[in-house]
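Residue-level structural notes
This is what each chain is made of:
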Amino acid sequence: MLRLSPNLVPMLVVALVVLVLYWPLMYLANIPAAQRALDTGAVLPCKTALECATQLRSPVLPSPQQLWQGFGNLMFPLNSQSAIPLNAAVTALETLVGLLLAAMLGFFFAIGMVASRAFERSLLPWIVASQTVPIIAIAPMLVVVLGQYGVQGWLPKAIIAAYIAFFPITIGVAKGLKSPDPLSLDLMKTYNASSWQTYLKLRFPASVPYLFTAFKVAMTAALIGAIVAEISTISFQGIGKMLAENSRASDVVAMWVIMLSSAALGILLVALVNWVEHLATPWRRVPQREGGGR
Amino acid sequence: MVFPNGTVALKEANLEIAQGEFISLIGPSGCGKTTLLRLLADLIQPSAGSIRIGGKTPEEARKSRAYGYVFQAPTLMEWRTVLQNVMLPLEVMGVPKAEHKPRAERMLALVGLGKFARHYPWQLSGGMQQRVSIARALAFDPQLLFMDEPFGALDEITRENLNLELLRLWRETGKTIIFVTHSIPEAVFLSTRIVVMTPRPGKIETVIPVDLPQPRNFETRETTRFFEIATLVREALRKGHGFEVSE
Ligand SMILES: Nc1ncnc2c1ncn2[C@@H]1O[C@H](COP(=O)(O)OP(=O)(O)OP(=O)(O)O)[C@@H](O)[C@H]1O
Ligand SMILES: [Mg+2]
């Protein structure tokens, strides 16, 4: 993680700027709402609109104090069914399993597409078409159908995540498998390498960088898929379930907290891919130059 | 050899090469030297004519792994270390695993890169990468070697040293080598015969035998006979370029 340090400074600067700008923006957005609340004579623990701006029950923008409190309420206890950690873990599990399923499916399609022109020409349009169907329209139906076969709980969500994640993986891996230059393929031919050996020694390793790029895109897609699936079906766990619940309760602060948490989850999952990529591609590691990191 | 787009790359190329010869192909850019090697290596098929390698068709020769090919570009695999790159043919050809490393290390030492075994290709200069690809072609000890401008990217001194190494290897192993070069001194120094090619359409202009005694060494380059043969090659090349031969 040391490698990130040069990026960290500008990132923190941006965070600071956002925070500084957020404050006046929050007041600007909330004061009219606070005034209205005071005018209607609601029972509030504050007297002026300025004071009340940070304490509204349904603020336009929650104040940092409210967010802080919200985090405190929603993070603990760690193993509570209604707290974020357990639900985020479930969503993460769905996402990761979805990504794994998507990877298997993606490899299958990609190899088929590289090995056979006919396969590519007959299937690619359908693969593309599958992605034009809105996930939100498919999710409830898939869950019902899968439920009839006894597939319940987190697994249907993972399958829905896989449904949108397999596409970038298919395209990425197919591109990677086709990436070796003609001379390298000629080289394998001079060794009289079998086509399996050409895959093993040339095409698969050459596709690794493409695979990880695809994984990063697919990971965010899978996370969206998992959350959408949780929201649009009957769920008992997950970030999506929490969002749906708090949306029904109109708890704006909680929704902000959950939203920020899901963003953090997304960053964490992509960082996971980055880390695995770093481990899996030792040849792309640039050694430290003298005078500090790069 | 006519390519699908109609380019006539090679027209007249009749040549017989005996076992153990060192043949250099020399000629201007685009005269079909690479095309000729690729035909011999069964990487492309001739539109007319026939090729035999030790009685076999190029396809049979390729399938029996009869030759090693050093391409004009290094074509190393970026995810493999230098050592692993040299081990690649051994892995593909099912050489016993215990032999991979010692053999690859020996080949790397031969091209003077023993210290770079654990580097990745991008950490090497272009010339060093090309030497790795030579080591790789030698690793499985083929009887026949096709080398397409293997030393083109090297400085003069390194090139002369590798010329000497290659010549020693050739003498000791009795390999047949077909070698493409743009350098007249290199061709004269290395070859038993020099094939001078001319372009548009590519054909073999002349074949010049090189009767310099073996073993050759640095002094060979200083002899009168060396310069005489070099002049012959130069004149043949000029003719191909359409220049009048003066004097
Ligand atoms: N696949 C191809 N399709 C069509 N024309 C080709 C193809 N490959 C080569 N040629 C043509 O054949 C001719 C000979 O090419 P070749 O690569 O054999 O030249 P060369 O003698 O190796 O040149 P250089 O010294 O620059 O490497 C060139 O005119 C080239 O344009
Ligand atoms: Mg060439």
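Computed from a prediction, not measured in an experiment: that's the story for all the values here. (Residues numbered from 1 in each chain as written. Chains lettered and ligands numbered in written order. Predicted model: local features only at pLDDT ≥ 70, side-chain atom pairs only at ≥ 80, totals over all residues. Heavy atoms only, no water.)

**Focus: the overall build of chain B**
Put simply, the rule reads: Helix and strand assignments follow DSSP, with helices taken as H or I runs no shorter than four residues and strands as E runs no shorter than two, numbered in order from the N terminus. Contacts are assigned to residue pairs with any non-hydrogen atoms lying within 4.5 Å of each other. The accessible surface values rely on the Shrake-Rupley method and a 1.4 Å probe; as for residues, cover is taken only from the protein chains in view.
Looking only at helices and strands, chain B features 8 helices and 6 strands. Of the regular secondary structure in chain B, the N- to C-terminal order runs β-α-α-β-α-α-α-β-α-β-α-β-β-α. A principal-axis box enclosing the C-alpha atoms of chain B has dimensions of 60 × 45 × 30 Å. Excluding contacts between residues fewer than 6 apart, the proportion of contacts in chain B whose partners are at least 24 apart in sequence is 69%. Accessible surface, chain B as shown: approximately 11,600 Å² in total, 52% of it carbon and sulfur.

**Overview of the pattern of salt bridges**
Residues and elements named next belong to chain A. Stated formally: Within this document, salt bridges are pairs made up of a side-chain nitrogen of Lys or Arg and a carboxyl oxygen of Asp or Glu, the two lying within 4 Å of each other. Type-normalised accessible area, obtained with a 1.4 Å probe on protein chains alone, sets the label of each residue: buried when under 20%, exposed when over 50%, and partly exposed for intermediate values.
In the structure shown here, the tally under the stated rule is 19 salt bridges over all chains. Glu120 is paired through a salt bridge with Arg117; the nearest N and O atoms lie 3.7 Å apart. Here Glu120 and its partner Arg117 are both found in helix H5 (residues 117-132), 3 residues apart, which amounts to about one turn of the helix. On the basis of relative accessibility, which here comes to 15%, the residue Glu120 falls in the buried class. A relative accessible area of 59% means that Arg117 is categorised as exposed. We note a salt bridge from Glu245 to Lys241, for which the minimum N-O separation is 3.7 Å. Placement of the pair is Glu245 and Lys241 together in helix H10 (residues 239-248), with a separation of 4 residues, close to one helical turn. The partly exposed category is assigned to Glu245, whose relative accessible area is 39%. The network of salt bridges with common partners includes Arg117, Glu120 and Lys178.

**Considerations on the coordination of the magnesium ion (ligand 2)**
Six octahedral donors around a metal ideally sit at 90 or 180 degrees from one another, while four tetrahedral donors ideally sit at 109.5 degrees. Condition: Counted as coordinating are nitrogen, oxygen and sulfur atoms within 2.8 Å of the metal, or 3.2 Å for Na, K and Ca, while water is not included, which may make sites look incomplete.
Summarising the metal site, the magnesium ion (ligand 2) is bound by the protein donors Thr34 of chain B (OG1) and Gln72 of chain B (OE1), whose distances to it range over 1.9 to 2.5 Å. Taken together, the residues span a long stretch of sequence, with Thr34 of chain B in helix H1 (residues 33-40) and Gln72 of chain B in the loop between strand E2 (67-70) and helix H3 (82-92) at a distance of 38 residues.

**What to know about the domain arrangement of chain A**
Residue and element names in this part refer to chain A. Quick note on the threshold: Residue ranges assigned to the domains are those given by an automatic or database domain assignment. In this description, buried area is defined as the sum, over both parts, of the accessible area (probe of 1.4 Å) that is lost when the two are combined. Polar contact is defined as a pair of N or O atoms within 3.5 Å, subject to the rule that within protein one atom must be able to donate a hydrogen and the other to accept it, and that residues adjacent in sequence are counted only when both atoms are side-chain atoms. Note that Gly is not counted as nonpolar here; it falls among the polar residues with everything else outside the nonpolar set of Ala, Val, Leu, Ile, Met, Phe, Trp, Tyr, Cys and Pro and the charged set of Asp, Glu, Lys and Arg.
Domain boundaries in chain A define domain 1 (27-60) and domain 2 (84-283). Facing the 4 residues of domain 1 at the interface are 5 residues of domain 2. Around 300 Å² of area is buried between domain 1 and domain 2 when both sides are counted, 45% of it from carbon and sulfur atoms. Contact with domain 2 buries area across many residues of domain 1, yet Arg57, Ser58 and Pro59 alone supply 83% of it, more than any other trio. There are 0 salt bridges connecting domain 1 and domain 2. The interface formed by domain 1 and domain 2 includes 0 residue pairs in polar contact (both at pLDDT 80 or more). Across the side of domain 1 that touches domain 2, the residue classes tally to 2 nonpolar, 1 polar and 1 charged.

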